[in-house]
Amino acid sequence: AEGSRRTEVERIGDAPPDPVARAEAALKLVQNRIRYVALAMGEGGLVPADAAQTWSRRYGDCKGKTALLLAILGELGIEAGPVFVHTGLGDTLGERLPTVGAFDHVLVRARIAGRDYWLDGTRTGDSTLARLPTPDFGWGLPVYTGTSELVRMVPAPLEEPQSDLSIHMDASKGIRIPVPTRLELVMRGDAAIGTNQLLANLVGQQRDAALREFWRRSFDFVEPHEVGLTFDEAAGELRFTLDGDATLKWNGNWYETDNSGVGYNADFTREPGPNSDAPFAVPHPIFTRTRQTIILPPGFSGPKDAQVDETVAGLEYRRQATMTGNTLVLETTTRSVATEFAAKDAPAFQKRLRELADKRVYLRIPDGYRPTPADLGVVMSAMPDSLSDLVAQGNELLNAGRYDEALVHFVEATERDPENAIAWANRGVTLVWKDALSDAEPALDKAEGLAPRSAIAFRARGFMAQKRGHAL
């Protein structure tokens, strides 16, 4: 048995001579074949088991795994050494007095071709050194010959989104009917590996239910037909998918696009006192992207003032909207580019972040939009629960050119509430469309008496003048 174990370790030497490939093989061996067990009894809290003992046990803590990994790398001729870190103190570690208790974890710094790689035997799923992140521990203490100073450990800004969401909606046949929708979320990095490990324990109906619940939390207006999940180990990507139908939540004539917000309701206030001028921490590294595509019926235009490209409080916000034909594409990203910002900048950053949060992106149903037959069927199939619903149905019929039916709705609305200016104005507009100009006059007079600045009545008056040849 011991011989077979020794052969397994020696087999790493059969890997290609590339030191990166050999280091990857060594890391996978320690991560996958040595079970993590915390050993903190007596001297075990400080003194590691040696490499041979950890290998023979097939388990070990961070110290034992590090000793084994260092032994293998040493045999492979790869320069490496242990580095102590603390998993919670972050960049405050550099301000503390030297003490053994300032550290609670150890990992390996391997130097290959002039580049440092941070190897952690207690992690799982590290398939390639190229994607190994710099750990976000703030500071590390190398404990090998020739070193005496803390080393800074700051992850670089991410080049790929950790969370990459795609939303595709085909509303070309109507905006009121259920819209065919495909959602796709790609997770990368540690979140992808950890989530995949959690979901790997679920199968069959249990797995399907978990995926549906995952999507429901963020997209409760989408009725799922089929959900899926795949993990690409080589790329380190976990891909969630959903195909279904979305019921778009229109607020009157407005629809707020999905996951397109930037900024937030920041609050950087501090009470005076010690450290009140300390820098503010930035969540780092983060990178999220949402790309929403909506195919619309004819007549729609893109949202106004959607573009954003600025960095505030260490976060880079970008938002771009393009309208090609009847297809809207809206892409929004948030990426951290710093770990902190100065306290003196907090008031200005707070103000700007709140302003950005208020710059939401909406689609608007255009004036004169003619609902599709499918849209109209949905609207008219619902019994109006209120006066506003009755007027809304009348407007849909008016926009569809079904003037007689629209007039029935507006007459009923004015009879139920003689003080409703909107209903009177729409009644007048409908009569103008029917060329019943003499009947439209008293309806518009009534609307203007109730609401002297009624935009609907103004448009009706202009249309009436045009009908009479008095457009100027």
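See the structure shown above.
Reference entry: report on the structure contained in this document. (Residues numbered from 1 in each chain as written. Predicted model: local features only at pLDDT ≥ 70, side-chain atom pairs only at ≥ 80, totals over all residues. Heavy atoms only, no water.)

Along the chain, the regular secondary structure elements total 13 helices and 19 strands. Whereas a compact globule of 472 residues would reach a radius of gyration of roughly 23 Å, the chain reaches 32 Å, over 25% beyond that. Taking all 472 residues of the chain together, the buried fraction comes to 42%. Contacts spanning at least 24 positions in sequence make up 65% of the contacts within the chain whose residues lie at least 6 apart. Carbon and sulfur atoms provide 51% of the accessible area of the chain, an area that totals close to 25100 Å². (Helix = DSSP H or I, 4+ residues; strand = E, 2+ residues; numbered from the N terminus. Rg over C-alpha atoms; globule rule 2.2 N^0.38 Å. Buried < 20%, exposed > 50% of the residue type's maximum accessible area, 1.4 Å probe, protein only. Contact = heavy atoms within 4.5 Å. Areas by Shrake-Rupley, 256 points an atom, 1.4 Å probe, with all protein chains shown as cover.)

Moving on, we get to the packing of helix α9 (residues 387-399) against helix α10 (residues 403-416). Axis separation between α9 and α10 bottoms out at 8 Å; the angle between their running directions is 160°. Considering the angle they form, α9 stands roughly antiparallel to α10. As α9 runs across α10, the sense of the crossing is left-handed. On α10, the residues touching L387, L390, V391, Q393, G394, N395, L397 and L398 of α9 are Y403, E405, A406, H409, F410, E412, A413 and R416. Its residues assigned to classes, the contact of α9 with α10 shows nine nonpolar, four polar and three charged. (Axes fitted to C-alpha atoms, helices over the stretch in contact; angles between N-to-C directions. Parallel < 35°, antiparallel > 145°, perpendicular 65-115°, else oblique. Left-handed = near helix turned anticlockwise from the far one by under 90°. Nonpolar A, V, L, I, M, F, W, Y, C, P; charged D, E, K, R; others polar.)

Another point: the sheet that holds strand β4 (residues 105-112). Across the sheet, which stays open at both edges, the five strands sit in the order β5-β4-β3-β6-β7 with antiparallel pairing between neighbours. Of all the strands in the sheet, just β5 (115-119) and β7 (151-153) have a single pairing partner and so form its edges. Strand-to-strand twist in this sheet, taken as the mean axis angle between neighbours without regard to direction, amounts to 40°. In this fold helix α4 (residues 62-75) packs onto β3 (79-85), β4 and β5, with an angle of close to 15° to the strand it touches most, β4. (Pairing = 2+ DSSP bridges.)

Counted according to the given criterion, the structure contains 35 salt bridges. Between E237 and R239 there is a salt bridge whose closest N-O contact spans 3.5 Å. E441 serves as the salt-bridge partner of R468, at 3.0 Å between the closest nitrogen and oxygen. One end of the pair, R468, is in the segment after α13 (455-467); the other, E441, is in helix α12 (residues 437-450), and 27 residues separate them in sequence. Within this structure, E160, D164, R182, E184, R188, E237, R239, D243 and R289 form a network of salt bridges that share partners. (Salt bridge = Lys/Arg side-chain N within 4 Å of Asp/Glu carboxyl O.)

One key point about sheets: their strands pair by backbone hydrogen bonds, in either a parallel or an antiparallel sense. Judged by pairing direction, the sheet is mixed, and its eight strands sit side by side in the order β10-β11-β9-β8-β14-β17-β16-β15 without closing on themselves. Strands with a single pairing partner mark the edges of an open sheet, and in this sheet they are β10 (222-232) and β15 (308-312). Neighbour-to-neighbour, the strand axes of the sheet open up by a mean angle of 10°, direction not taken into account. Bridge count between strand β16 (residues 315-324) and strand β17 (residues 327-336): ten bridges; the pairing is antiparallel. The partner of A321 across the bridge, within β17, is L330. Along the sheet, helix α6 (residues 204-216) contacts β8 (163-170), β9 (179-188), β10 and β11 (237-246); its crossing angle with β10, the most-contacted strand, is approximately 110°. Along the sheet, helix α7 (residues 346-358) makes contact with β15 and β16, crossing β15 at roughly 150°.

In this model, α9 (13 residues) spans 18 Å end to end at C-alpha, consistent with the 18 Å of a helix rising 1.5 Å per residue. Residues of α9 that are buried include every one of L387, L390, V391, Q393, G394, E396, L397 and L398, and no others. Contact partners of the buried residues in α9: α8 (373-381), α10 and α11 (421-433). Residue G401 follows α9 closely and has a positive phi angle near 80°. (Expected span 1.5 Å × (residues − 1).)

Together, L46, V47 and V100 make up an exposed nonpolar region whose accessible area comes to about 300 Å². Locating V47 in the fold gives a position in the loop between β1 (35-36) and α3 (51-57). (Patch = residues over 30% accessible without salt bridge, like charges linked within 9 Å, V, L, I, M, F, W, Y side chains within 5 Å.)

So, on to helix α2 (residues 19-33). Between its first and last C-alpha atoms α2 spans 21 Å; for 15 residues at 1.5 Å apiece the expected length is 21 Å, and the two agree. Looking at α2, one finds that the buried residues are V20, R22, A23, E24, A26, L27, L29, V30 and Q31.

For residues besides glycine, phi is generally negative; the peptide bonds are generally trans as well. Residue P285 follows H284 across a cis peptide bond; omega there is 0°. Residue position: P285 is located in the loop between β13 (280-281) and β14 (287-295).

Further remarks concern the nonpolar core. Counting residues in hydrophobic clusters, the biggest one holds 37 residues, and the most contacted among them are M169, W215, F219, F240 and W250. Listed by contribution, the elements that provide at least two residues to this core are β8, β9, α5 (190-199), α6, β10, β11 and β17. Counting 27 residues, the second largest nonpolar core, distinct from the first, contains L376, V391, A443 and F463. (Core = buried A, V, L, I, M, F, W, Y, C linked by side-chain atoms within 4.5 Å.)

Glancing now at the pairing of β14. Sheet topology note: the β8/β14 ladder contains eight bridges and is parallel. Bridge assignment links D170 to a residue of β14, and that residue is I295. Inspection of the sheet shows β14 paired to β17 by nine bridges, in the antiparallel sense. Counted as the bridge partner of I295 is T327 from β17.

So, about the pairing of β11. Taking burial as the measure, the ten residues of β11 include seven buried ones, the bulk of the element. Pairing between β9 and β11: ten bridges, direction antiparallel. Its bridge partner lying in β11, P180 is registered against D245. Bridge count for β10 against β11 is ten bridges, and the pairing is antiparallel. Opposite V222, over in β11, you have A246 as the bridge partner.

Between α12 and α13, the least distance of the axes is 10 Å, while the angle of their chain directions is 155°. If you check the angle between α12 and α13, you find them roughly antiparallel. Both α12 and α13 take part in a crossing whose hand is left-handed. In this structure, α12 uses L437, A440, E441, L444, D445 and E448 to contact α13, whose residues at the interface are A457, A460, R461, M464 and K467.

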